[in-house]
Amino acid sequence: MGEPIKIAVVGSGYVGLVAAVCFAEIGHSVICVDNDEHKVAALQGGDTLIHENHLPDLLERYRNTRVRFMTDLGEATRECQAIFVAVGTPQSETGDADLSYVEAVASEIARSINGYKVIIEKSTVPVYTNEWIRRVIERNGVHRDAFDVVSNPEFLREGTAVEDFLHPDRIVVGADSERASDLLSMIYSPLTKGEYYRRPDAIEGCCSELKPPPLLLTSTKSAEIIKHASNAFLALKISFINAVSNLCEAADANVEQVAQGIGLDSRIGPKFLRPGIGYGGSCFPKDVAAFRSVAEQMGVDFSLLGEVEKINSNQKKRFLSKVRSALWTLRGKRLAVLGLAFKGDTDDIRESPAIDLVEMLLAEGCTVVAYDPAAMKRAQSELPPSGQMIYVTGIEEAAKDADALLILTDWREFARIDLRQLHAIMRYPIIIDGRNLYDPQDMVNNDFTYLSIGRPAATPSREPAVLAV
Ligand code: UGA
């Protein structure tokens, strides 16, 4: 596969670590740098530190051979021609992205440049960041011809990160010099030329030798905007369907049918039309705020994004009202909570709507008995210790003697519960599903009162209808 290129990846978070092992998987030689010694030692020892499909296998295959981990950015800069920057860009108090880590990395790279280098921004950053990186490097005495700065945003999702990296819908390269874009084209050529998919041991996904991903070449500024605009648009799509689900509830219609009806229009598409308790995670909330802030700073009215945020945060409050409408008062109620992660297939609880809801329920005086297949440890360190908060190791244990069961994360195993058995162990057979994992009719057939998002409440015939509160 193509010619191996020496690549440094700075940052070993979701994007950095996945990019590092995937570059190795497509044949390159990678140094992954992180300034956290403990993290580097763990990765050298084969601990991925995050729950991500395929990652343990790839790390095992390439660690300390095709992927080396170290803390010394200077050494990595000197050894490699392409340096991908994938450090965190957390949200500052004003909603902007905090770019101080990116700046620190750029200064350190500048001090070690020993020949032509391409510095590639992979973190999600506002437009003009490339320009700033360029200035910082020049200010540190590096000649303009000795480097290029490129924007190569990443679109991977947590939970399917490796597959998304190796089977992307598109690869975006924002470069203002041909020399730099040529290097990026070479790095990605095993994917764009389809060679990787020919390999018998290739990780499977939607791309193939005959259908390789396209590489889109743009200006650096366009690439920066593509990343923010993509995340903002997806968040908008979710808020849109959540607002529609509220209308469906008011009109006694069914949002699943509406989503199917609009999603079949190829201009709209069926994806990201799942209503729920709102989007969370380390990207959408932060990126929508940052994009709005960038627009504001540039004098552009993008108040639409403020509405997207408002609908998203209201979705949690509406869910709490739903719990009230099923249970009346909340103080002293024992609630089984399934799911703490911000979505299924991940242990990440950053900006998790499930965690926000647990906090709201605890504040209302409920006892929460929670189970998540992967996020328990993280949740325990995030939520303050409390006698009202009980962590258990399975669905049944959570549901035993519960006044109601709440589904807050779309883990596959939560969609396959044995309803008969569940009915036998709960105090009251009430399920409030924030992810629409079940068919309401199945619930009624199993004698459950079932409330979900944007669909009429389902109650067994002998039960009175659910009251609005
Ligand atoms: C998101 C984007 O999907 C990736 O393309 C992007 O690379 C990534 O952010 C990033 O910027 O790093 P991720 O945050 O991992 O990926 O998760 P998503 O699968 O997009 O889900 C985000 C949130 O939206 C979750 O809370 C999920 O439950 C919610 N969601 C998603 C819905 O409520 N409804 C949907 O139809 C889809």
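As the structure is a prediction and not an experimental result, all values here were calculated from the model. (Residues numbered from 1 in each chain as written. Predicted model: local features only at pLDDT ≥ 70, side-chain atom pairs only at ≥ 80, totals over all residues. Heavy atoms only, no water.)

What follows deals with the site of the ligand. Neighbouring the ligand are 19 residues, the closest being F155, L156, E158, K227 and N231. Within the backbone of L156, a nitrogen or oxygen atom sits 2.7 Å from an oxygen atom of the ligand. In this structure, an oxygen atom belonging to the ligand sits 3.4 Å away from a main-chain N or O atom of L273. Alone, the ligand offers 720 Å² of accessible surface; in the complex the protein occludes 94% of this. Of all elements in the fold, only α10 (220-251) and α12 (284-297) reach the threshold of two or more residues within the shell around the ligand. For the shell around the ligand, the leading source of residues is α10, giving three residues. Two domains share the shell around the ligand, each providing at least three of its residues, namely domain 1 (6-218) and domain 2 (228-469). (Near = heavy atom within 4 Å. Polar contact = N/O pair within 3.5 Å; in protein donor to acceptor, adjacent residues only side chain to side chain. Areas by Shrake-Rupley, 256 points an atom, 1.4 Å probe, with all protein chains shown as cover. Helix = DSSP H or I, 4+ residues; strand = E, 2+ residues; numbered from the N terminus. Domains from an automatic or database assignment.)

What follows covers the side chain of E121. Along the chain, E121 falls in strand β5 (residues 117-121). K122 is the oppositely charged side chain nearest to the buried, salt-bridge-free E121, at an N-O distance of 9.4 Å. Here E121 is in contact with V85, V102, T129, N130, I133, V150, S151, N152 and P153, once residues within four sequence places are set aside. (Buried < 20%, exposed > 50% of the residue type's maximum accessible area, 1.4 Å probe, protein only. Lys, Arg positive; Asp, Glu negative; His and termini not counted. Salt bridge = Lys/Arg side-chain N within 4 Å of Asp/Glu carboxyl O. Contact = heavy atoms within 4.5 Å.)

With that out of the way, let us pick up the pattern of salt bridges. Evaluation of the coordinates by the stated rule reveals 27 salt bridges. Note that E154 is salt-bridged to K122, the shortest N-O span being 2.9 Å. Here the residue E154 occupies a position in the loop between β6 (147-151) and α7 (161-166), and K122 occupies one in the loop between β5 and α6 (129-139), the gap between them amounting to 32 residues. K122 matches E154 in its accessibility class, with the two residues each being buried. As a salt-bridge pair, D356 and K316 come within 2.8 Å of each other at their nearest N and O atoms. Of this pair, D356 sits in helix α14 (residues 353-363) while K316 sits in helix α13 (residues 304-327); the two residues are 40 residues apart in sequence, bridging distant segments of the chain. Exposure remark for K316: the relative accessible area of 13% places this residue in the buried category.

If you check α10, its first and last C-alpha atoms are 47 Å apart, about what 32 residues at 1.5 Å a residue would give, namely 46 Å. Phi turns positive, to about 60°, at D252, one or two residues after α10. (Expected span 1.5 Å × (residues − 1).)

For the rest of this paragraph, the subject is the pairing of β6. The buried fraction of β6 is high, at five of five residues. Both faces of β6 are covered, namely the face carrying F147, V149 and S151 and the face carrying D148 and V150. Note: β5 against β6, five bridges, orientation parallel. Opposite I120, over in β6, you have V150 as the bridge partner. Taken together, β5, α6 and β6 form a β-α-β motif whose crossover is right-handed. (Pairing = 2+ DSSP bridges. Right-handed = clockwise from strand over helix to strand, strands pointing away.)

Let's shift gears to a nonpolar patch on the surface. The grouping of Y128, W132, M298 and V300 at the surface amounts to a nonpolar patch, some 420 Å² of accessible area in total. Relative to the elements of secondary structure, V300 occurs in the loop between α12 and α13. (Patch = residues over 30% accessible without salt bridge, like charges linked within 9 Å, V, L, I, M, F, W, Y side chains within 5 Å.)

α12 packs onto α10 with a crossing angle of 115° between their chain directions and a minimal axis gap of 9 Å. In the crossing of α10 with α12, the sense of the turn from one axis to the other is left-handed. For the pair α10 and α12, contact is made by I225, H228, A229, N231, A232, L234, A235 and I238 and by F284, D287, V288, A290 and F291, respectively. Along the lines of polarity and charge, the residues of the contact of α10 with α12 split into ten nonpolar, two polar and one charged. (Axes fitted to C-alpha atoms, helices over the stretch in contact; angles between N-to-C directions. Left-handed = near helix turned anticlockwise from the far one by under 90°. Nonpolar A, V, L, I, M, F, W, Y, C, P; charged D, E, K, R; others polar.)

Right, let's talk about the state of the cysteines for a bit. With the rule as written, the count across this model stands at zero disulfides. As a non-bridged cysteine, C32 has C80 as the owner of its nearest cysteine sulfur, 11 Å distant. (Disulfide = S-S within 2.5 Å.)

A separate point is the domain arrangement of the protein. Annotation of the protein at the domain level lists domain 1 (6-218) and domain 2 (228-469). Centre-to-centre, using C-alpha coordinates, domain 1 lies 34 Å away from domain 2. The interface is formed by 20 residues belonging to domain 1 together with 22 residues belonging to domain 2. Of the roughly 1500 Å² buried at the junction of domain 1 and domain 2 (both faces included), carbon and sulfur atoms supply 51%. When the area that domain 1 buries against domain 2 is broken down by residue, the three leading residues are H51, T124 and E158, summing to 35%. The interface formed by domain 1 and domain 2 includes one salt bridge. A salt bridge links E158 to R350; the nearest nitrogen and oxygen atoms lie 3.6 Å apart. Run the count over domain 1 and domain 2 and you get nine residue pairs in polar contact (both at pLDDT 80 or more). For the side of domain 1 that touches domain 2, the per-class residue count stands at ten nonpolar, six polar and four charged. (Buried area = accessible area lost by both parts, 1.4 Å probe.)

Along the chain, T220 falls in helix α10. In terms of polar contacts, T220 uses its side chain to reach the side chain of D176, at 2.9 Å. Apart from the residues within four sequence positions on either side, T220 is in contact with N130, R134, V149, V150, S151, G174, A175 and D176.

Once that is clear, we can look at unusual backbone geometry. Residue D252 is not a glycine yet carries a positive backbone phi of 60°. Locating D252 in the fold gives a position in the loop between α10 and α11 (255-263). Phi at D345 is positive, roughly 65°, even though this residue is not glycine. Relative to the assigned elements, D345 resides in the loop between β9 (334-338) and α14. The exposure class assigned to D345 is partly exposed, which follows from its relative accessible area of 27%.

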